[in-house]
Amino acid sequence: MLIFLDETFRTRLDKNGNEIPFGALCGVGIPVESYSKIANAIFHLKLDTMGKEYAESKEMKGKKLLSNRTFRLMEANPDTPQKNIQFVKDIIEILHRHKLPIFGCVCYDQQYRDFSCENDSLLDTTFKSLCERINMYMKREHNNRKAIIVFDNRDIGTDERNARAVTNFLVRSKSGRSMRSSILEIPMFAISQANNVGLQLADLVTTVIGIYAAGEPGVSDIYNLLHRRFYAWKDNYGRPMSTLRWIDPKKLCPKRQ
């Protein structure tokens, strides 16, 4: 299973009207044997909806497909279908049809919201939460198989620190070692511009979740469609769990959790 992850950094207004920065690191899981099938389905959707040039040479970017202008046009013309919004919904339908899981972490905690591990001997709460959820999903749904985490490339320094922290956690810590049967110890890094459909899907997923977490009401219908792909279970105490984690000590997160 390939787990493609991308990040976004945004702001949300708190109850006093102050802008609070937050980060989201989210993405999608694609079985290795299904990757070509998913890539072909996305290509044909791009071709049918956006045309030949877009399908062959344009990168899917969430911020371009779901800009503020898109939502304002939707508000001004509620009876007029918005091409970009329908395109995103159709992409999510492909994820649903192929039962691809969504993973992620939305963090309003100012210490960890930038998803950059400063101490490679102690994995940040955000990355640890993602590993825990990936591990749980793999053990429940793909036992005896491993997930390979693929991050979107940021910069050499950040990527190096994050990679060392993840690897050290999985190799040296007691809780991390228990996940090694489910997660490859070495994370990978790639670039979405290289026609990497997995990372482009991760970018789109992260954009939808980030916009929703920022409080944009216009994205609710799209988010609700995406919400079906969060894998859910109950822990040993009967508490509901999900593959999307909200880290929100300031109580800023949306009502749905």
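Here goes a summary of the coordinates provided. Quick caveat, the model's predicted, so the values are computed rather than measured.

With respect to the overall build of the chain
Thinking step 1. Per the secondary structure count, the chain includes 10 helices and eight strands.
Thinking step 2. For 257 residues, the compact-globule estimate of 2.2 N^0.38 gives 18 Å, and the chain sits close to it at 18 Å.
Thinking step 3. For the chain, the proportion of its 257 residues judged to be buried stands at 50%.
Thinking step 4. With an accessible surface of roughly 12900 Å², the chain has 48% of that area assigned to carbon and sulfur atoms.

A short note on the environment of V106
Thinking step 1. In this structure, V106 sits in strand β3 (residues 102-107).
Thinking step 2. Along the primary structure V106 and I247 are separated by 141 residues, whereas in three dimensions their C-alpha atoms are 6.0 Å apart.
Thinking step 3. Setting aside residues no more than four positions away along its own chain, V106 makes contact with F22, G23, A24, I209, A213, L244, R245, W246 and I247.

Notes on the sheet that holds strand β5 (residues 188-190)
Thinking step 1. Read across the sheet, six strands follow the order β5-β4-β1-β2-β3-β8 without closing on themselves; strand pairing throughout is mixed. Among the strands making up the open sheet, the edge pair consists of β5 and β8 (244-247). Strand after strand, the sheet turns through a mean of 25° between neighbouring axes, direction not considered.
Thinking step 2. Along the sheet, helix α9 (residues 197-213) makes contact with β1 (2-13), β2 (19-30), β3, β4 (148-152), β5 and β8, crossing β1 at roughly 25°.

Conventions and cut-offs
- Residues numbered from 1 in each chain as written.
- Predicted model: local features only at pLDDT ≥ 70, side-chain atom pairs only at ≥ 80, totals over all residues.
- Heavy atoms only, no water.
- Helix = DSSP H or I, 4+ residues; strand = E, 2+ residues; numbered from the N terminus.
- Rg over C-alpha atoms; globule rule 2.2 N^0.38 Å.
- Buried < 20%, exposed > 50% of the residue type's maximum accessible area, 1.4 Å probe, protein only.
- Areas by Shrake-Rupley, 256 points an atom, 1.4 Å probe, with all protein chains shown as cover.
- Contact = heavy atoms within 4.5 Å.
- Pairing = 2+ DSSP bridges.
- Axes fitted to C-alpha atoms, helices over the stretch in contact; angles between N-to-C directions.

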